[in-house]
Amino acid sequence: MNPVNYLYLAALLFAIGATGVLIRRNAIVVFMCIELMLNACNLAFVAFSRLHGNLDGQIIAFFTMVVAAAEVVVGLAIIVSLFRSRHSASVDDASLMKL
Amino acid sequence: MENLIALLVAAPLLGAAVLLCGGRRLDRVGHWLGTLLAAASFVVGAVLFADMLGRGAEERTLSQHLFSWIPVEGFQADVAFQLDQLSMTFVLLITGVGTLIHIYSIGYMEHDERRRRFFGYLNLFLAAMLILVLADNYLLLYVGWEGVGLASYLLIGFWQHKPSAATAAKKAFLVNRVGDMGLSIAIMLMFTTFGTFAFGPVLEATGETSEGKLTAIGLMLLLAACGKSAQVPLQSWLGDAMEGPTPVSALIHAATMVTAGVYLIVRSGAIFNGAPDAQLVVTVVGAVTLLFGAIVGCAKDDIKKALAGSTMSQIGYMILAAGLGPIGYVFAIMHLVTHGFFKAGLFLGAGSVMHGMNDEVDMRKYGGLRKYMPVTFVTFGLGYLAIIGFPGLSGFFSKDKIIEAAFAKGGAEGWILGSVALLGAAITAFYMTRVMIMTFFGEERWRHRATASPDQPSAEPAAETHGEHDEPHPHESPRSMTIPMIVLAFGSVFAGGFFSIGDRFMHWLEPVTRHDHGHSPLSAATVTGATMVVLIIGVALAYVQYGRRPVPVTAPRGSLLTRAARRDLLQDDFNHVVLVRGGEHLTRSLVYVDHTLVDGVVNGTAASVGGLSGRLRKMQNGYARSYAVSMFGGVAVLIAATLLMRAV
Amino acid sequence: MTELAAYTTSTGEAVQFWVLGTVAVIGALCTILMKKAVHSALCLAGTMIILAVFYLANGAYFLGIVQVVVYTGAIMMLFLFVVMLVGVTAADSLKETIKGQRWLAGLCGFGFAVLLFAGIGNASVNEFAGMGKANAGGNVEGLAESIFTKYVFAFEITGALLITATVGAMVLTHRERTERAKTQREMSEARVRSNHLPPLPAPGVYARHNAVDIAGLLPDGTPSELTVNKTLRERGQIRDVSNEALDDLRALEQRSADRLERSPKTEEASK
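Chain A is annotated in an unreviewed UniProt entry as NADH-quinone oxidoreductase subunit K of Streptomyces typhae. Heading Catalytic activity (unreviewed entry) of the UniProt record for chain A holds this comment: "a quinone + NADH + 5 H(+)(in) = a quinol + NAD(+) + 4 H(+)(out)". Turning to chain A, the UniProt record has this under Sequence similarities (unreviewed entry): "Belongs to the complex I subunit 4L family."

K.L.:
Which residues make up the environment of H517 of chain B, and what are the values?
P.N.:
Residues and elements named next belong to chain B. Examined against the element boundaries, H517 turns out to sit in the loop between α21 (504-513) and α22 (524-547). Among the residues examined, H517 registers a relative accessible area of 58% and is labelled exposed. Linking H517 and E404, residues 113 residues apart in sequence, is a C-alpha distance of 9.9 Å.

K.L.:
Break down the packing of helix α1 (residues 4-23) of chain A against helix α1 (residues 11-33) of chain C for me, with residues and values.
P.N.:
Interhelical geometry of α1 of chain A versus α1 of chain C gives an angle of 5 degrees and a closest axis separation of 9 Å. By the angle between their axes, α1 of chain A is roughly parallel relative to α1 of chain C. Here N5, Y6, L9, L12, L13, I16, G20 and I23 of chain A of α1 of chain A lie close against α1 of chain C, whose contacting residues are E13, F17, W18, G21, A24, V25, A28, L29 and I32 of chain C. Of the residues in the contact of α1 of chain A with α1 of chain C, the class split is 13 nonpolar, 3 polar and 1 charged.

K.L.:
Break down the interface of chain B and chain A for me, with residues and values.
P.N.:
Opposite the 10 residues of chain B that make contact, chain A presents 11 residues. In total, about 920 Å² of surface goes out of reach between chain B and chain A, with carbon and sulfur atoms giving 68% of it. Here chain B and chain A share 0 salt bridges between them. Our count for the contact surface shared by chain B and chain A stands at 2 residue pairs in polar contact (both at pLDDT 80 or more). When the residues that make up the side of chain B that touches chain A are grouped by side-chain class, the tally is 6 nonpolar, 3 polar and 1 charged.

K.L.:
A description of the UniProt feature "transmembrane region" (unreviewed entry) in chain A should follow, citing residues and the corresponding values.
P.N.:
Residues and elements named next belong to chain A. The sites that UniProt annotates as "transmembrane region" (unreviewed entry) are residues 6-23, 28-48 and 60-83. Helix makes up 100% of residues 6-23 and strand 0%, and the two end C-alpha atoms of the span are 26 Å apart. In residues 60-83, helix accounts for 100% and strand for 0%; the two terminal C-alpha atoms are 33 Å from one another.

K.L.:
Account for the interface of chain A and chain C, naming residues and giving values.
P.N.:
The interface is formed by 67 residues belonging to chain A together with 89 residues belonging to chain C. Three residues stand out in chain A for area buried against chain C, namely M1, M32 and R50 of chain A, and they jointly supply 11% of the buried area on that side. At the junction of chain A with chain C, the criterion picks out 2 salt bridges. Between K150 of chain C and D56 of chain A there is a salt bridge whose closest N-O contact spans 3.1 Å.

K.L.:
An account of unusual backbone geometry is needed here, citing residue identities and associated values.
P.N.:
Residues and elements named next belong to chain B. In this structure, P233 follows V232 across a cis peptide bond, with omega equal to 10 degrees. Assignment of secondary structure puts P233 in the loop between α8 (211-229) and α9 (236-240). Of note in this structure, A230 is not a glycine but carries a positive phi near 55 degrees. If you trace the backbone, A230 turns up in the loop between α8 and α9. The exposure class of A230 is buried, given its relative accessible area of 0%.

K.L.:
Describe the packing of aromatic side chains, and please don't skip the residues or the numbers.
P.N.:
Scanning the entire structure with this criterion turns up 32 aromatic pairs over all chains. Summarising the aromatic geometry, the rings of F75 of chain B and F197 of chain B are spaced 5.4 Å apart at their centres and angled 75 degrees between planes, so their arrangement reads as edge-to-face. You can see F75 of chain B sitting in strand β2 (residues 75-83) and its partner F197 of chain B sitting in the loop between α6 (163-194) and α7 (199-205), a full 122 residues away along the chain. With a centroid separation of 4.9 Å and an interplanar angle of 75 degrees, the aromatic rings of F90 of chain B and Y263 of chain B are classed as edge-to-face. In this pair, F90 of chain B is assigned in helix α3 (residues 85-108) and Y263 of chain B in helix α11 (residues 258-267), connecting sequence segments 173 residues apart. Its relative accessible area of 0% is what places Y263 of chain B among the buried residues. Three or more aromatic residues link up through ring pairs in this structure, and these residues are Y6 of chain A together with F17, W18 and F54 of chain C. A cation over a ring is seen here: R114 of chain B above F158 of chain B, with NZ or CZ 4.4 Å from the ring centre. Seen from the ring of F498 of chain B, R504 of chain B lies directly overhead, with NZ or CZ sitting 4.4 Å from the centre.

Criteria and thresholds
Residues numbered from 1 in each chain as written. Chains lettered and ligands numbered in written order. Predicted model: local features only at pLDDT ≥ 70, side-chain atom pairs only at ≥ 80, totals over all residues. Heavy atoms only, no water. UniProt positions renumbered as here; feature names shortened; annotations may be inferred. Helix = DSSP H or I, 4+ residues; strand = E, 2+ residues; numbered from the N terminus. Buried < 20%, exposed > 50% of the residue type's maximum accessible area, 1.4 Å probe, protein only. Axes fitted to C-alpha atoms, helices over the stretch in contact; angles between N-to-C directions. Parallel < 35°, antiparallel > 145°, perpendicular 65-115°, else oblique. Contact = heavy atoms within 4.5 Å. Nonpolar A, V, L, I, M, F, W, Y, C, P; charged D, E, K, R; others polar. Buried area = accessible area lost by both parts, 1.4 Å probe. Salt bridge = Lys/Arg side-chain N within 4 Å of Asp/Glu carboxyl O. Polar contact = N/O pair within 3.5 Å; in protein donor to acceptor, adjacent residues only side chain to side chain. Phe/Tyr/Trp six-rings, centres within 6.5 Å; stacked < 30°, edge-to-face > 60°. Lys NZ or Arg CZ within 6 Å of the ring centre and 35° of its normal.

Following this line, the structure appears as structure tokens:
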């Protein structure tokens with residue numbers, strides 16, 4: 001098996017995650033899909049690391065995880081406060097962009 | 001001395017400005033002021049004339065450069081006047097006859113509350129006409145040309161409370177615009193051909209110009225002349241122009257306006273000399289109009305319209321003569337001058353008759369007026385004799401010369417033109433005699449006009465049964481009206497003889513227009529004899545028709561030609577069918593195109609933009625997910641494009 | 001595992017990839033297709049663990065462990081907490097409200113996947129350097145060396161980011177008290193004024209159930225909503241078992257009547 005298959009897997013997971021972001025309305029699930037996309041990227045980075053034979057890819061994946069953690073903290077906090085104020089976790093309910 | 005030229009124009013222009021801007025304060029003196037300024041212009045003209053006579057034939061041209069009008073690189077338009085023998089002739093005619101008409105109008109318009117304004121317009125008319133004949137270039141001539149059109153519009157529609165007058169004024173203006181278009185195109189052609197439009201350079205350069213260009217310019221000038229001088233096919237306004245006050249008719253027909261076309265053609269003689277085809281068209285137009293006007297004049301019962309037909313016919317003579325080239329220029333102008341006298345006299349006479357007949361214009365309701373209006377009768381009669389060419393009177397000399405010149409044209413053309421001119425003379429004699437008899441001779445048809453039945457004997461005056469206010473009381477006009485008529489009658493009688501004896505007029509104009517005797521196939525005596533014969537035939541026919549038999553008060557149905565002639569030989573119907581209907585259809589189709597195509601495009605664009613916006617608006621649904629899809633799709637497209645570019 | 005092949009992997013890794021990869025894709029699909037957020041979260045957690053295995057397979061030992069501990073262990077649990085806060089059973093209706101959104105999303109996702117595949121296929125990545133050399137001194141040591149030398153500023157900034165995120169989360173979720181808290185006295189007074197002086201009835205007291213989401217029955221057999229937790233009441237998640245209970249009661253009575261040989265008719269007649 002060519003290790004490039006990891007990249008195909010990453011691409012597939014990324015596309016699935018992106019589709020999920022687009023079709024789900026529950027903000028939490030949307031968030032999960034974003035995490036899925038991030039993880040797909042991480043897998044790609046790790047595969048690239050192996051491809052190039054150095055650790056830079058892994059380091060970037062590591063930073064991605066840190067940033068993802070920070071993002072999840074803030075994002076979930078936003079969802080919680082959103083739910084408190086609107087009693088709903090649906091992203092469609094916050095369609096205030098159109099009056 | 002040349003500084004006086006501007007004064008010629010300035011005096012009536014000042015009068016017009018003062019009278020039209022002065023307001024009601026001038027109501028009491030306005031007519032005197034207007035007359036005075038017209039007379040002043042005449043006096044200046046006379047002084048200049050005397051001065052001109054004092055110099056040699058070739059040094060008589062004076063010019064005055066007033067100011068540079070449009071000084072542009074390669075385009076120099078000046079306000080400059082040129083006074084030569086031709087202009088001088090016109091100046092004297094315009095100011096002289098114009099002044100007499102001013103004097104006449106004092107009496108004629110006495111009861112019109114807008115008399116001041118009328119005199120203002122008259123002065124404006126004179127000023128415009130003087131600019132026209134004094135201009136030393138075509139552009140300034142065009143200014144005068146348009147000024148004449150404006151003044152005629154204002155005067156013909158002077159009684160604008162009458163819808164017919166307003167319509168007639170509009171018609172005159174519109175028809176004139178067609179001619180003006182010709183003049184403006186001619187000026188443009190001149191500028192492209194010669195690079196200038198001053199008379200001197202243009203007329204000198206005609207020798208080196210191709211005949212085609214000269215023909216084009218000549219035809220455009222002819223179109224202009226047709227408009228102003230009421231020649232076929234732009235003649236239709238003249239008859240309707242009778243809606244104006246009678247002095248205006250006299251002014252338009254005798255001294256100003258209609259003579260402008262003749263002036264233009266004679267002035268542009270050099271152009272026409274170089275374009276024989278254009279000349280031929282000019283003569284044809286003149287000949288056709290000559291017969292046209294004469295036939296119309298035979299059928300009209302309205303005295304002014306009969307005279308209008310006569311004017312058309314006489315101007316036709318002049319145009320015919322002008323079209324003959326150097327053979328005829330002098331005679332065209334000479335006939336113009338003599339015609340100015342007798343036609344002004346005739347119109348003033350007609351006005352005088354109307355004045356005494358409660359503004360009745362139908363000749364069938366006149367008759368036997370010679371007893372009541374002796375001065376009018378005599379002056380009108382002299383004018384009548386002059387116009388039919390009674391030997392010794394003005395018309396005899398001038399018209400006879402034109403007929404002679406027409407024959408002298410030579411070849412088949414000469415014979416045809418000469419015959420037409422002779423025929424015209426016969427018809428002229430017929431219809432003028434008709435006017436004369438119906439107005440001044442015969443039974444007093446106005447006495448029982450109320451019964452309106454020609455069969456009943458006139459023994460019982462209708463006034464007894466129908467009340468006195470119904471019946472006119474013919475009376476002689478006031479002196480302010482009769483004096484100009486008398487003066488004009490003198491002119492009608494003696495002008496022709498004065499001009500012709502010793503060929504004075506010919507020598508006077510020759511330096512400007514040149515003259516060529518031509519080779520007449522007939523001797524002068526033969527032509528004169530023939531003219532006399534047709535004259536007698538015409539008069540005799542009219543006498544038999546109208547003098548021997550009673551004139552019916554209501555017009556008989558008449559022959560087909562008579563009925564057509566009553567309708568001005570269907571000119572209005574022709575215009576209506578061809579121009580008005582055509583224009584309407586064109587307009588309708590344009591409106592249709594506008595509504596469907598243009599509006600369709602415009603509205604369609606708007607509607608499609610609107611519809612598209614409506615669709616696009618739905619994309620802005622406010623859902624973040626929807627926007628995310630478009631972003632994601634955009635990214636996908638970008639990547640696809642990048643990949644494609646790399647692949648290619 | 002220490003000797004990672006340059007062109008192909010070992011058969012073991014291939015088997016592992018195809019098996020776990022399939023599971024990971026199924027997990028991802030379940031994440032986006034499951035109706036309930038809890039299920040989605042669990043599926044995602046599964047996918048993440050598989051990804052951790054893949055990290056390990058690719059020689060990223062540190063990341064593999066971190067993935068399990070931090071991601072699956074901490075972040076996903078955070079998700080579950082939030083799901084619990086927001087509502088475990090608040091089933092997400094999968095009915096699409098935006099017209100054409102699902103089709104467009106599917107098309108975009110599919111197209112994007114195709115594009116990525118095309119890009120990867122185009123790239124000449126036939127030669128894998130392998131992690132042998134890089135991991136020679138130990139994966140964690142190698143990472144540490146890079147992070148604390150080459151990427152030290154990024155690392156420091158990450159620290160700042162995390163602190164900011166923590167503070168941000170606190171600020172976002174913190175609720176300022178807008179009114180004074182009620183004292184015990186005030187609360188008891190309010191209680192006396194209300195109609196419920198004694199404690200609210202417990203759920204399922206008069207029925208045969210003692211689940212929290214089943215309302216207790218009143219003496220006449222109708223359920224009382226008061227017995228159920230307020231949150232459940234608001235969500236409409238009360239299970240109504242009153243009819244079953246009544247049926248059960250009736251069956252019991254029938255049985256006892258049969259045993260006592262008393263017919264319901266006679267009973268009715270005696271009444």
